[in-house]
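Per-entry structural report
The chain contents come next:
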Amino acid sequence: MQNTVISPDLIEQDNAARLDALEEDYAALSRALERRGIAIGQVKERAKDWSVAVPSWGAGRGGTRFAKFPLAGEPTNIHEKLEDCAVIHQLGRTTPGVSPHFPWDRVEDYSALREEAESYGLHFDAVNSNTFQDQQDQPQSYATGSLSSTLEPTRRQAIEHNVECIEIGRHLGSDRLTVWVGDGTNFPGQQDMGRSFDRYLDAAAEVYAALPADWTMMLEHKMFEPAFYSSVISDWGSSLMAAQELGEQCKCLVDLGHHAPNVNIEQIVARLHRAGKLGGFHFNDSKYGDDDLDSGSINPHQLFLVFNELAEAETAPRGGFDPAYMIDQSHNVTDPIESMLSSAETIAGCHARAWLVDREALHAAQESNDVMLAFRTLRQAYETDVGPILAMARMEQGGAIDWLGTYRASQHRERKAQERRAVGLGAGIV
Ligand code: RM4
Ligand code: MN
Ligand code: MN
């Protein structure tokens, strides 16, 4: 028996009131797409098959370095986070995977945790290690680095933590480890940039050696923060060098917020695919830096262009194409369930629109250097409102046509505010 957090009757009732309007919009879109030689049903099925994981830590309110504004009823442990992730998937039907973070999501019994997730129709996605923060009673501090630390006992501790994450992940049914380190410097001269990269590689190789044969290790680069002068794995160049040295099972993960302003992220995606090293994504958006804003809320066009490269890569797999998709954002002022539903819809919409691109026409225009026709071919897909396709796909899978209206009508958060213990005022994402 599947455990449903939101009453299926409520979803059905809400959908019934909205079905006529949706069918009208869907039929109109179907006719418009048919004129372009596109069968709407195929796009809808593709939308149903596609999914993006949610981060366990994103189920809670995030914060900035300055403050966190807690939300009454937000989850305080992995069990409550799973319950909220179940709500997101129940209404949106695109997020069956939950990506855990350790030690934040530590429990005694991981097999039981896996069963708990499965009871909601969820599974565990990539496991994230955490060597960017010290934990209570931890012998060595990461204040001056973890995998790249100059101190052997600190590197050892960071390696062991990553190996433990793999072990936990095996119990949870995961097959990916995401490694993001905060290692870097705040002062010129603080560390030798070459030697710290060497130390990182030596330590990461020990983690890699512990990887089961069917696992992927994903290296996540980030230009700055917590280190503000230099980061050890600062950009896709460093990430690619490291992944290539570590081996076949090591790939690069692109977090959209982790680049310098104005960087052409879609081109990075194309390059990593070319190198056979495109491991996965952390979706979010930013205006100034690593702002961790909701995916596509600032620059939906960039997100579409990333998916256009992905569609291109999938049609030309060059020996493999299996990136992991995940949301990684911090919700400072919204209900995280609403933000993740909104982001999942935006991301799924960019994915669907990328598959509306008349790729043959695009390639022909590119080959003949018809600049305007190439641009308009892409733009036509971007400007197509795929909302009715996504809503129909949701509804047919038991989700909500109007996820926001149905979610608010469910009063889930209000109920949880009565049941769950209040969270503290601490700053930061945790
Ligand atoms: C980092 C990075 C990692 C995430 C932490 C919480 O900036 O995006 O993926 O695990 O934040
Ligand atoms: Mn990330
Ligand atoms: Mn980040």
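See the structure above.
These notes cover the structure that comes with them. All values derive from a computational prediction rather than experimental measurement.

1. Some words on the coordination of the manganese ion (ligand 2)
The manganese ion (ligand 2) binds to the protein through Glu220 (OE), Asp255 (OD), His282 (ND1) and Asp328 (OD), with metal-donor distances spanning 2.1 to 2.2 Å. Around the manganese ion (ligand 2) sit six donor atoms, and with donor-metal-donor angles ranging over 72 to 169 degrees the site reads as octahedral. All donor residues of the manganese ion (ligand 2) come from one chain, and their arrangement in sequence is E-x34-D-x26-H-x45-D. Taken as a pair, the manganese ion (ligand 2) and the manganese ion (ligand 3) show a spacing of 3.9 Å. Of this pair, Asp255 sits in strand β10 (residues 250-255) while Asp328 is found in the loop between β12 (324-327) and α10 (336-354), placing the two residues 73 residues apart along the sequence.

2. Examining helix α15 (residues 412-419)
Among the residues of α15, those classed as buried are His412, Arg413 and Lys416. Buried residues of α15, seen end-on, are gathered within an arc of 90 degrees and therefore sit on one face of the element. For α15, the secondary structure elements touched by its buried residues are α3 (78-92), α10 and α14 (403-410).

3. Observations concerning the nonpolar core
With 107 residues, the main nonpolar core has Tyr200, Met217, Phe281 and Phe307 as its most contacted residues. Among the elements that take part in this core, α10 stands out by supplying nine residues, more than any other. Non-local contacts of Tyr200, meaning those with residues more than four positions away in its chain, are made with Leu147, Ser148, Val181, Leu219, Val232, Ile233 and Ala242.

4. Re the side chain of Asp183
Within the secondary structure, Asp183 sits in the loop between β6 (176-179) and β7 (184-185). Put simply, Asp183 is tucked away with no salt bridge, and the nearest opposite charge, on Arg199, sits 7.8 Å away. Of note is the side chain of Asp183, whose polar atom sits 2.7 Å from the backbone nitrogen of Ser146. When residues no more than four places from it in sequence are discounted, the contact partners of Asp183 are Gly145, Ser146, Leu147, Ser148, Ser149, Ser230, Ser231 and Val232.

5. Describing the packing of helix α5 (residues 152-172) against helix α6 (residues 193-209)
Interaxial distance between α5 and α6 falls to 9 Å at its minimum, and their mutual angle equals 35 degrees. Handedness of the crossing formed by α5 with α6: right-handed. Residue-level contacts link Arg155, Arg156, Ile159, Asn162, Val163 and Ile166 of α5 to Arg199, Ala203, Glu206 and Val207 of α6. The class makeup of the residues in the contact of α5 with α6 is five nonpolar, one polar and four charged.

6. Examining the state of the cysteines
Using the criterion set out here, one finds zero disulfides in the structure. With no disulfide partner, Cys252 has as its closest neighbouring cysteine sulfur the one in Cys250, 6.9 Å distant.

7. Looking at the sheet that holds strand β2 (residues 97-99)
Strands belonging to one sheet form pairs held by backbone hydrogen bonds; the direction of such a pair is parallel or antiparallel. Strands sit in the order β1-β2-β4 across an open sheet of three strands; the sheet is parallel. Lying at the two open borders of the sheet, with one neighbouring strand each, are β1 (54-55) and β4 (123-124). Inspection of the sheet shows β1 paired to β2 by two bridges, in the parallel sense. Its bridge partner being in β2, Val54 is matched across the sheet by Val98.

Calculation notes
- Residue numbering note: each chain is counted from 1, following its sequence as written.
- Labels are handed out in written order, letters beginning with A for the chains and numbers beginning with 1 for the ligands.
- Given that the model is predicted, a residue must reach a pLDDT of at least 70 before its local features are reported, and side-chain atom pairs must reach 80 or more before they are shown or counted; all residues, however, enter totals for whole chains, interfaces and linings.
- Hydrogens are left out, water is left out, and the side-chain values use all remaining heavy atoms of the structure.
- Only N, O and S atoms count as donors, using a 2.8 Å cut-off from the metal and 3.2 Å for Na, K and Ca, and because water is excluded some sites may appear unfinished.
- Between 85 and 135 degrees for all angles marks four donors as tetrahedral; over 155 degrees for opposite donors together with 65 to 115 for all other angles marks four donors as square planar and six as octahedral; every other arrangement is irregular.
- Helical segments are the DSSP runs of H or I of at least four residues, strand segments are the runs of E of at least two, and each set is numbered from the N terminus.
- Accessible area is worked out with a 1.4 Å probe on protein chains only. A residue is then buried under 20% of its type maximum, exposed over 50%, and partly exposed in between.
- What the arc describes is the spread of directions from the helix axis to the C-beta atoms.
- Residue contacts are counted whenever heavy atoms from the two residues lie within 4.5 Å of one another.
- What is meant by a nonpolar core is a set of buried Ala, Val, Leu, Ile, Met, Phe, Trp, Tyr and Cys residues, joined one to another through side-chain atoms within 4.5 Å.
- For the purpose of charge, His is not counted, nor are the chain termini; Lys and Arg are scored as positive and Asp and Glu as negative.
- By salt bridge we mean one thing: a side-chain nitrogen of Lys or Arg within 4 Å of a carboxyl oxygen of Asp or Glu.
- In protein, a polar contact requires one atom able to donate a hydrogen and another able to accept it; more generally it is a pair of N or O atoms within 3.5 Å, and residues adjacent in sequence count only if both atoms are side-chain atoms.
- What counts as an axis is a line fitted to C-alpha atoms, over the stretch in contact for a helix, and the angles between N-to-C directions run from 0 to 180 degrees.
- Helix crossings get a hand from a simple test, with the near helix turned counterclockwise from the far one by less than a right angle marking a left-handed crossing and a clockwise turn marking a right-handed one.
- The nonpolar class holds Ala, Val, Leu, Ile, Met, Phe, Trp, Tyr, Cys and Pro. Asp, Glu, Lys and Arg form the charged class, and all remaining residues, Gly among them, are polar.
- Cysteine sulfur atoms are paired as a disulfide whenever they come within 2.5 Å of each other.
- Strand pairing follows a simple DSSP-based rule, namely that at least 2 bridges must link the two strands.

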